[in-house]
Amino acid sequence: MTIDPSLPAIEQLPDAFLIALTDYSAISLSGEEQSKYLQGQVTCDVNEIHEHSLTIGAHCNAKGKVLSVFRLLNHKGAHLLLQPKSSLAASLAELQKFGVFAKVEINESNDLSFYALAGNKAEAEIQKIYPQVPDNMTPVVQNGDTTLVYLPGEITRYLLIGPQEQLTKATEPLALPLYSSPLWDLIEITEGFPILEQHALLEYVPQMLNLQAINGISFTKGCYLGQETVARMQYLGKNKRALYSLTTQQGSAQSGNIIEQQLGENWRKAGDILTAYRADSGQTYIQAVLATDIDADTPLRIKEQPQTSLSVAALPYSLAK
């Protein structure tokens with residue numbers, strides 16, 4: 001299948017399309033103590049998951065700073081932590097370091113490929129190739145060696161996880177356009193799901209990435225790495241930053257750029273860009289961590305490109321949690 005090199009804006013997306021998630025992979029945990037071990041390492045409640053469940057979580061260091069944000073699901077009995085490759089190596093190394101004391105095998109899932117089928121008519125398309133399709137009640141289902149995952153949102157998405165040969169054979173008859181990983185990032189930005197690139201690792205606590213708003217933190221599960229910091233942030237109201245989606249029609253943005261806000265005649269730092277997507281139309285979509293006290297009408301710009309003017313886009317969830 002040939003990848004379409006175009007970069008459409010949100011309003012230009014076809015009714016159904018595929019994305020080759022070549023910039024994404026997963027950490028696999030298997031073995032007798034896979035759940036027990038992972039429970040003490042991540043923010044979500046691993047004991048709650050089963051073969052049909054999907055969970056969001058973060059992996060932190062002892063100081064509560066985030067190494068990775070992932071979607072957790074089961075694939076053929078193993079726990080998979082699906083995430084960008086940009087955060088995987090650091091998270092994997094930390095999990096393996098402590099995993100030597102548990103009965104668990106921890107590796108990158110190099111034998112699996114990851115695709116997405118998305119769009120307003122994605123459900124009709126996926127029903128053509130798989131007898132059982134996940135939904136809101138059963139977000140993860142197994143079809144032979146392939147795991148299918150349903151992700152609700154403004155744009156319906158399904159993840160297809162399995163051997164490359166099988167995924168290619170299954171999706172080719174659909175004759176849908178196939179895009180590259182950046183298009184997935186565009187949807188993640190508009191859905192408010194954090195994407196951590198290398199420069200942002202160990203810079204933020206989970207609440208600064210809105211994990212509490214998307215059910216990525218369990219406050220009742222007990223101890224895990226970094227739990228003390230996360231709990232303090234939640235109950236003492238110490239968090240002063242949050243994840244935002246922004247847009248601009250001017251210039252372009254890059255991961256690591258600084259966002260400034262205007263205060264009178266002066267400009268001062270407001271936050272940092274995590275990632276950005278520039279559509280062929282010139283529209284740029286930005287994910288950034290900013291101060292929570294920024295007013296909606298506060299003038300914002302990119303420090304490296306002072307001519308830019310940024311607009312804050314509405315997130316599909318409330319930060320009030």
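Above this text is the structure in question.
Note that the structure is predicted; figures quoted are calculated from it, not measured.

Student: Quick question: what am I supposed to make of the pairing of strand β13 (residues 258–263) here?
Tutor: Successive side chains on a regular strand alternate, one facing one side of the sheet and the next facing the other. Relative to strand β14 (residues 266–278), β13 is paired through six bridges, and the arrangement is antiparallel. Paired with Glu-260 across the strands is Lys-269, a residue of β14. Between β13 and β14, which pair antiparallel and follow one another directly, the connecting turn spans two residues, one of which, Gly-264, has a positive phi of 65°. Relative to strand β16 (residues 300–302), β13 runs antiparallel, the two being bridged by three bridges. Its bridge partner lying in β16, Ile-259 is registered against Ile-302.

Student: How do you make sense of helix α5 (residues 181–191) when you look at a structure like this?
Tutor: Given 3.6 residues per turn, any residue in an α-helix points the same way as the ones three and four places further on. Within α5, nine of the 11 residues are buried, leaving the element largely enclosed by the surrounding structure. Of all the residues in α5, the buried ones are Ser-181, Leu-183, Trp-184, Asp-185, Leu-186, Ile-187, Glu-188, Ile-189 and Glu-191. A positive backbone phi angle near 75° is found at Gly-192, which sits one or two residues after α5.

Student: So what exactly am I meant to see when it comes to the sheet that holds strand β7 (residues 113–118) here?
Tutor: Sheet strands line up and pair through hydrogen bonds in the backbone, either parallel or antiparallel. Taken together, six strands build an open sheet; the order of strands is β8-β9-β10-β7-β1-β11 and the sheet is mixed. Every other strand in the sheet has two partners, leaving β8 (140–143) and β11 (178–179) as the edge strands with one partner each. Pairing geometry for β8 and strand β9 (residues 146–151), over four bridges, is antiparallel. If you follow Gln-142 over to β9, its bridge partner there is Thr-147.

Student: I tried to follow helix α4 (residues 164–171) on my own but got confused; where do I start?
Tutor: Buried within α4 we find Leu-167, Ala-170 and Thr-171. Across the axial projection of α4, the buried residues extend over an arc of 85°, all falling on one side. Structural note: α4 exposes Glu-165 and Lys-169 on the side pointing more than 90 degrees away from its buried face. Lining the buried residues of α4 we find β1 (17–20), β7, β9 and β10 (157–162).

Student: Teacher, can you tell me more about the sheet that holds strand β6 (residues 105–108) here?
Tutor: Ordered in space as β3-β4-β5-β2-β6, the five strands form an open sheet in which the pairing is antiparallel. Here the strands that pair on one side only, and so sit at the sheet edges, are β3 (55–60) and β6. Across the sheet, the mean angle separating the axes of adjacent strands is 30° when strand polarity is ignored. Bridge count for strand β2 (residues 24–30) against strand β5 (residues 78–84) is six bridges, and the pairing is antiparallel. In the sheet register, Ile-27 faces β5, and the bridge partner there is Leu-81. Packing against the sheet, helix α2 (residues 85–99) makes contact with β2, β3, β4 (66–75), β5 and β6, and its axis sits at approximately 145° to β5.

Rules behind the numbers
Residues numbered from 1 in each chain as written. Predicted model: local features only at pLDDT ≥ 70, side-chain atom pairs only at ≥ 80, totals over all residues. Heavy atoms only, no water. Pairing = 2+ DSSP bridges. Helix = DSSP H or I, 4+ residues; strand = E, 2+ residues; numbered from the N terminus. Buried < 20%, exposed > 50% of the residue type's maximum accessible area, 1.4 Å probe, protein only. Arc of directions from axis to C-beta. Contact = heavy atoms within 4.5 Å. Axes fitted to C-alpha atoms, helices over the stretch in contact; angles between N-to-C directions.

The quantities given are spatial measurements derived from coordinates; they are silent on function.
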